[in-house]
Amino acid sequence: MLALNCVAELKKPTHVGFGTGRQVRDLRRKPFIPSIVLTTQISNLSLRLAKSVNRPAPSVRVSDGFLMGKEKMVKVRGQEFFQGQIAFQVQVPEDSLDIVLGALKLLQNFGIGANTSMGFGYCAIKVVGTSIGESEEVIPRFNPKATELIGDGEFSLPSSFVRLAQQIFNRLKMNWSSWFRAMETGVIERIVYLAGETEIKNPFAYRGWLRSKLLELWEIEHGSRITVCPPRVTPCKVCKLMGRMGDKSRVIVRTFERKGEEAVVWLITDNPSDEEIDAIKEVTKAKVVRVETVADYLPTNGRR
Ligand SMILES: [Zn+2]
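Residues numbered from 1 in each chain as written. Predicted model: local features only at pLDDT ≥ 70, side-chain atom pairs only at ≥ 80, totals over all residues.

1. Thoughts on the overall build of the protein chain
If you tally the helices and strands in the protein chain, you get eight helices and nine strands. Within the protein chain, the fraction of its 304 residues that count as buried is 41%. By sequence separation, contacts in the protein chain at least 24 residues apart represent 69% of the contacts at least 6 residues apart. (Helix = DSSP H or I, 4+ residues; strand = E, 2+ residues; numbered from the N terminus. Buried ≥ 20, exposed ≤ 12 C-beta atoms within 10 Å, placed from the backbone. Contact = placed C-beta atoms within 7 Å.)

2. A short note on the sheet that holds strand S9 (residues 287-292)
Ordered by their spatial adjacency, four strands build an open sheet running S7-S8-S6-S9, and the pairing between neighbours is antiparallel. Of all the strands in the sheet, just strand S7 (251-256) and S9 have a single pairing partner and so form its edges. Taking the axes of each pair of neighbouring strands and ignoring which way they run, one obtains an average angle of 20° across the sheet. Looking at chain direction, S7 and strand S8 (residues 263-270) are connected through six bridges and run antiparallel. Bridge pairing links threonine 255 to valine 265 in S8. (Pairing = 2+ DSSP bridges. Axes fitted to C-alpha atoms, helices over the stretch in contact; angles between N-to-C directions.)

3. Some details on the pairing of S9
Counting buried positions along S9 yields zero of six residues, so the element is predominantly exposed. Of the pairings in the sheet, the one linking strand S6 (residues 191-198) to S9 comprises five bridges and is antiparallel in character. Bridge assignment links isoleucine 191 to a residue of S9, and that residue is glutamate 292.

4. Things to note about the nonpolar core
Across soluble globular proteins, nonpolar side chains show a tendency to be buried alongside one another. Judged by nonpolar contacts, the single largest core of 72 residues is most densely connected at Cys6, Ile42, Val90, Val100, Ala103 and Leu107. Take this core: its biggest share by element is eight residues, from helix H2 (residues 97-110). Among residues more than four places away in sequence, those in contact with cysteine 6 are Phe88, Gln89, Val90, Leu104, Ile125, Lys126, Val127 and Val128. (Core = buried A, V, L, I, M, F, W, Y, C linked by C-beta atoms within 7 Å.)

5. Describing the packing of helix H6 (residues 203-217) against helix H8 (residues 274-284)
Two elements in contact, H6 and H8, have axes separated by 10 Å at closest approach and are oriented at 110°. Relative to H8, the element H6 lies roughly perpendicular. With respect to the hand of their crossing, H6 and H8 are arranged in right-handed fashion. For the pair H6 and H8, contact is made by Leu210, Lys213, Leu214 and Leu217 and by Ala279, Glu282, Val283 and Thr284, respectively. (Parallel < 35°, antiparallel > 145°, perpendicular 65-115°, else oblique. Left-handed = near helix turned anticlockwise from the far one by under 90°.)

6. Thoughts on the pairing of strand S3 (residues 66-76)
Both S3 and strand S4 (residues 79-92) contribute to a ladder of eight bridges, which runs antiparallel. Its bridge partner being in S4, valine 74 is matched across the sheet by phenylalanine 81. Counted between consecutive antiparallel strands, the loop separating S3 from S4 contains two residues, among which arginine 77 sits at a positive phi close to 45°.

7. Overview of helix H1 (residues 35-52)
In this model H1 runs 25 Å from its N-terminal to its C-terminal C-alpha over 18 residues, within 8% of the 26 Å that 1.5 Å per residue would give. Judged by how many residues are buried, H1 sits mostly within the fold: 15 of 18 residues are covered. Asparagine 54, located one to two residues past H1, shows a positive phi value of around 55°. (Expected span 1.5 Å × (residues − 1).)

8. Concerning the environment of glutamate 184
Structurally, glutamate 184 is set in the loop between helix H5 (166-182) and S6. Here the alpha-carbon distance between glutamate 184 and aspartate 247, two residues 63 residues apart in the chain, equals 8.0 Å. Once residues within four sequence positions are removed from consideration, glutamate 184 is found in contact with Lys248, Arg250, Asp270 and Asn271.

9. Quick word on the packing of H1 against H2
Packing of H1 against H2 brings their axes to within 8 Å, and their N-to-C directions diverge by 120°. Taken together, the axis directions place H1 and H2 in an arrangement best described as oblique. Along this stretch, H1 crosses H2, giving a crossing that reads as right-handed. Here Gln41, Ile42, Leu45, Ser46, Leu49 and Ala50 of H1 come into contact with H2, specifically with Ile99, Val100, Gly102, Ala103, Leu104, Leu106 and Leu107. For the contact of H1 with H2, the per-class residue count stands at 10 nonpolar, three polar and no charged. (Nonpolar A, V, L, I, M, F, W, Y, C, P; charged D, E, K, R; others polar.)

10. Some details on the environment of arginine 232
Residue position: arginine 232 is located in the loop between H6 and helix H7 (237-242). Sequence separation of arginine 232 and aspartate 247 is 15 residues, and the distance between their C-alpha atoms is 9.7 Å.

11. Some thoughts on the confidence of the model for the protein chain
Counting all residues, the mean pLDDT for the protein chain is 86, and 88% of those residues have values of 70 or more. The secondary structure element of the protein chain with the lowest average pLDDT is helix H3 (residues 144-150), at 37, and the one with the highest is H8, at 98. Counting contacts from residues 134-153, a segment whose pLDDT is below 50, to residues more than four positions away or on other chains yields 26 contacts. (pLDDT = per-residue confidence, 0-100.)

The following block contains the structure:
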């Protein structure tokens, strides 16, 4: 096993969904990201990358993610979100290292935590130290560069800090298992990035607007009083793209406010069809700025 010491710098706030608006906190009273959240998200992306190149999905273990330094708390729609630097450790079989590194790279733009379709959890992740060994007890020291990054060079040991109440753990487990079931788990064909400008600065409002525009363009009407297809029936084209209960959206909307100007909006689309891209371009006037394939995440295309 190889251990990667990682630091994620959150560029957009994150929120750990477990059914309450509050965040889980460690014994320092700092918000943190429980292991189950990071494990679920990194496993999902590793699985998709592995499938894309016909390799077995690696078994990944991730520690809790701890805040280093100061946090910034923000309230969004009545819920607690936080921003700051998160330290966590990923344990990965050596022969799957490239896949897990690719998954970490993907996680940056897809986002850590809940509500990622609204752009939350966007981050920059650095692997600041690695170690090889059998022992899972010893957390290796950061390399000199990392020490610079975190100040005192201490890597907070998760288990000594946190013991979640069983009830909270159960809720987290339930929420993140259903998150995994709702997520796309197929191969990564392409990820298309669009950028544009908008007067709608709130990503939640922007998504609602985009959904209604697409319904209009494709002349789709939901039954009376519902705005989204119900679960377990074949979804309409809009819900297939924008998501519904039990199916995550394949579009991430991330807005960036600029003083006195229209906001910049990024639309990150996961395996879109040409028709979907054309429709998004037509209603949003956004332009395609980048197209990625699995080769952007697995430079050797998975061959070894
Ligand atoms: Zn629908």
